[in-house]
Amino acid sequence: MPIFDFLKLKKRQNMPYGNPNSFVDSLGRVSRYYNNVYAGTFVDESTTLSIPGLWRGITLISDTIGALPIHAYRGDTRLEPTPPILERPYPNETRIETLCAMAAALLIHGNYIAILGDIGANGYPESIYPVSPTRVHVERNDGRLTYKINEETYDASQIMHIKNFTLPGQIVGVGIVGAQRQGIGSALAMQEYAAKYFDGGAQPTGILYSDNADLSQDEADMLKAVWMRHYGGTSREPAVLNASTKFQQLSDNAKDSQLVESRQFSLTEIANMLGLPGYYLGAPNSSRTYSNVEQEQLQFLRGITPLITRIESAFTDLIPRGQYAKFNTDALLRSDTLTRYQAHQIALSAGFLTVDEIRQDFENRPPIGEPQTIADDSSLDDITLSDEDDDLGSIV
């Protein structure tokens, strides 16, 4: 049976309840998403993550953002020490765990919601306490947003709410589960079909024909049971049949059922959902225009920049005015050692960077107290002081 025939299943009828953020489907499962998926699959957070391509793409983006350092700046000056809400936003987790979950929630659900912690000495919160987006109901009352979490209502001033893509007037963001449920449902159906294919359930291996016009259902079941007992499984014994019974083997392969092509195309669709270059997920026919590793990383950074900016803006609102939060994305664009050192030499020769600036800002090394740039290859051993010119300021 071709996979597209398998996908043509009857659309399930759902029973929406009064709460617009949840419903109960025909199987009694509670979800925030209306499950009108034409492929007949159930799309939610757990089933979405069960798709290998989506798992790879979501974890790649969220882990990358979680690993990036984030600091507070005033103008071009990085502030030390880093504010607690940027150093360890959620006290019970490491920073990478919190930021990784934050990016994943924005991708999957379209929203990240956390309750603000206690106010610090600077008059701003020093921590946040994340809440699963599926537990939050957002409403607009008298022009202000209110958040209902576990039967308790919070004002917008008590909540950190980061929204992913939204349309004008929308009070919540849209994630891939809500916006791309048909594409995700198709990928789930293909995955289910593939599992059944290798289990032998996608198509029967053969057909038993009987010339007995009066064959009852019980007799047909008995004939099938006898056949399976003798020739099912790994048995390779020759079949011996009477004149009224014959067996026809059905040939089938994954290519004829369009399984391989469909699953490969699914990777391309998933890459488009997440805004990633296809080759990051192993999508076929992905053009790797840039052979340079740095350029490939630049393409990846362009894809996740909107998500990074949303997170930076949300944290900027939680630190004193005049300061802003910013991720250090230099690590993503870090080239090979030779290219990096050649760039440093150009900067030193041109005089727009000092040795300490390069060590501290680009190489993550402590400064050595060298105030000047070195414009040539001469070493300190070649520099001598005359009796008339013994001032360090005269050395060039």
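As the structure is a prediction and not an experimental result, all values here were calculated from the model.

Basis of the calculations
Residues numbered from 1 in each chain as written. Predicted model: local features only at pLDDT ≥ 70, side-chain atom pairs only at ≥ 80, totals over all residues. Heavy atoms only, no water. Helix = DSSP H or I, 4+ residues; strand = E, 2+ residues; numbered from the N terminus. Buried < 20%, exposed > 50% of the residue type's maximum accessible area, 1.4 Å probe, protein only. Contact = heavy atoms within 4.5 Å. Patch = residues over 30% accessible without salt bridge, like charges linked within 9 Å, V, L, I, M, F, W, Y side chains within 5 Å. Areas by Shrake-Rupley, 256 points an atom, 1.4 Å probe, with all protein chains shown as cover. Salt bridge = Lys/Arg side-chain N within 4 Å of Asp/Glu carboxyl O. Lys, Arg positive; Asp, Glu negative; His and termini not counted. Charge placed at Lys NZ, Arg CZ, Asp CG, Glu CD. Pairing = 2+ DSSP bridges. Core = buried A, V, L, I, M, F, W, Y, C linked by side-chain atoms within 4.5 Å. Phe/Tyr/Trp six-rings, centres within 6.5 Å; stacked < 30°, edge-to-face > 60°. Polar contact = N/O pair within 3.5 Å; in protein donor to acceptor, adjacent residues only side chain to side chain. Axes fitted to C-alpha atoms, helices over the stretch in contact; angles between N-to-C directions.

*Asks:* Would you explain the overall build of the chain in this entry?
*Replies:* A tally of helices and strands in the chain yields 12 helices and 14 strands. Counting over 396 residues, the chain shows a buried share of 37%. Sequence-distant contacts, at least 24 apart, represent 60% of the contacts inside the chain between residues at least 6 apart.

*Asks:* How should a negative patch on the surface be read in this particular structure?
*Replies:* Residues Asp214, Asp218, Glu219 and Asp221 make up a contiguous surface patch of negative charge. With respect to the helices and strands, Asp214 occurs in the loop between β12 (206-210) and α8 (217-231). Here Asp214 falls in the exposed class, since its relative accessible area comes to 67%.

*Asks:* Sorry, what's going on with the sheet that holds strand β14 (residues 324-327) here?
*Replies:* Sheet architecture is open: three strands sit in the order β5-β4-β14, paired in antiparallel fashion. The open sheet has two free edges, formed respectively by β5 (77-78) and β14, since each of these has just one partner strand. When strand β4 (residues 70-74) meets β5, the two strands line up antiparallel, connected through two bridges. What sits directly across from Tyr73, in β5, is Arg78.

*Asks:* How do you make sense of the side chain of Gln323 when you look at a structure like this?
*Replies:* Structurally, the position occupied by Gln323 is in the loop between α10 (293-316) and β14. A residue is classified by how much of its surface remains accessible, and Gln323, at 14% relative accessible area, is buried. Excluding anything up to four places from it in sequence, Gln323 contacts Ala72, Tyr73, Arg74, Leu79 and Thr316.

*Asks:* Explain the pairing of strand β6 (residues 111-116) to me, please; I cannot follow it from the model alone.
*Replies:* Here is the key point about a regular strand: its side chains alternate between the two faces of the sheet. For β6, a buried count of six out of six residues is recorded, marking the element as mostly surrounded by other parts of the structure. Across five bridges, β6 lies against strand β11 (residues 159-163) in antiparallel orientation. The residue of β11 that forms the bridge with Ala114 is Met160. With four bridges joining them, β6 and strand β7 (residues 128-131) adopt antiparallel strand pairing. Within β7, the residue paired with Leu116 across the bridge is Ile128.

*Asks:* Would you mind showing me how to read the nonpolar core here?
*Replies:* Burial of nonpolar side chains together is a common tendency in soluble globular proteins. The biggest cluster of nonpolar side chains holds 56 residues, and the ones touching the most others in it are Ile61, Ile65, Met102, Tyr112, Ile128, Met160 and Phe315. In this structure, Ile115, Val131, Tyr154 and Ile171 belong to the second largest nonpolar core, which totals 11 residues.

*Asks:* What's the story with the packing of aromatic side chains in this structure? I'm lost.
*Replies:* Each pair of aromatic rings is reported with the distance of its centres and the angle of its planes. Summed over all chains, the structure comprises four aromatic pairs. With centroids separated by 5.7 Å and ring planes inclined at 80 degrees, the aromatic side chains of Tyr90 and Tyr129 adopt a geometry described as edge-to-face. Taken together, the residues span a long stretch of sequence, with Tyr90 in the loop between α4 (84-87) and α5 (95-108) and Tyr129 in strand β7 at a distance of 39 residues. Among the residues examined, Tyr90 registers a relative accessible area of 17% and is labelled buried. Judged by its relative accessible area of 38%, Tyr129 falls in the partly exposed class. Among the aromatic residues, those joined into a ring-pair cluster are Tyr279, Tyr280 and Phe300.

*Asks:* Can you help me understand the environment of Asp44 in this one?
*Replies:* Note on placement: Asp44 falls in the loop between β3 (30-31) and α2 (45-49). Residue Asp44 is classed as buried on the basis of its relative accessible area, which comes to 18%. Once the C-alpha coordinates of Asp44 and His109 are considered, the two residues, 65 residues apart in sequence, prove to be 9.5 Å apart.

*Asks:* Help me understand the side chain of Asp356, please; the structure alone is not making it clear to me.
*Replies:* As for its placement among the helices and strands, Asp356 is situated in helix α12 (residues 355-361). In terms of polar contacts, Asp356 uses its side chain to reach the backbone amide nitrogen of Ile368, at 2.8 Å.

*Asks:* What should I look at first to understand the sheet that holds strand β10 (residues 152-155) in this one?
*Replies:* Across a sheet, strands are paired by hydrogen bonds formed along the backbone, either parallel or antiparallel in direction. One open sheet accounts for three strands, arranged β8-β9-β10; its pairing is antiparallel. Among the strands making up the open sheet, the edge pair consists of β8 (136-141) and β10. In this sheet, neighbouring strand axes are inclined to one another by 30 degrees on average, regardless of whether the strands run parallel or antiparallel. In terms of strand pairing, β8 meets strand β9 (residues 144-149) through six bridges, oriented antiparallel. Each bridged residue has a counterpart across the sheet, and for Asn141 the counterpart in β9 is Arg144.

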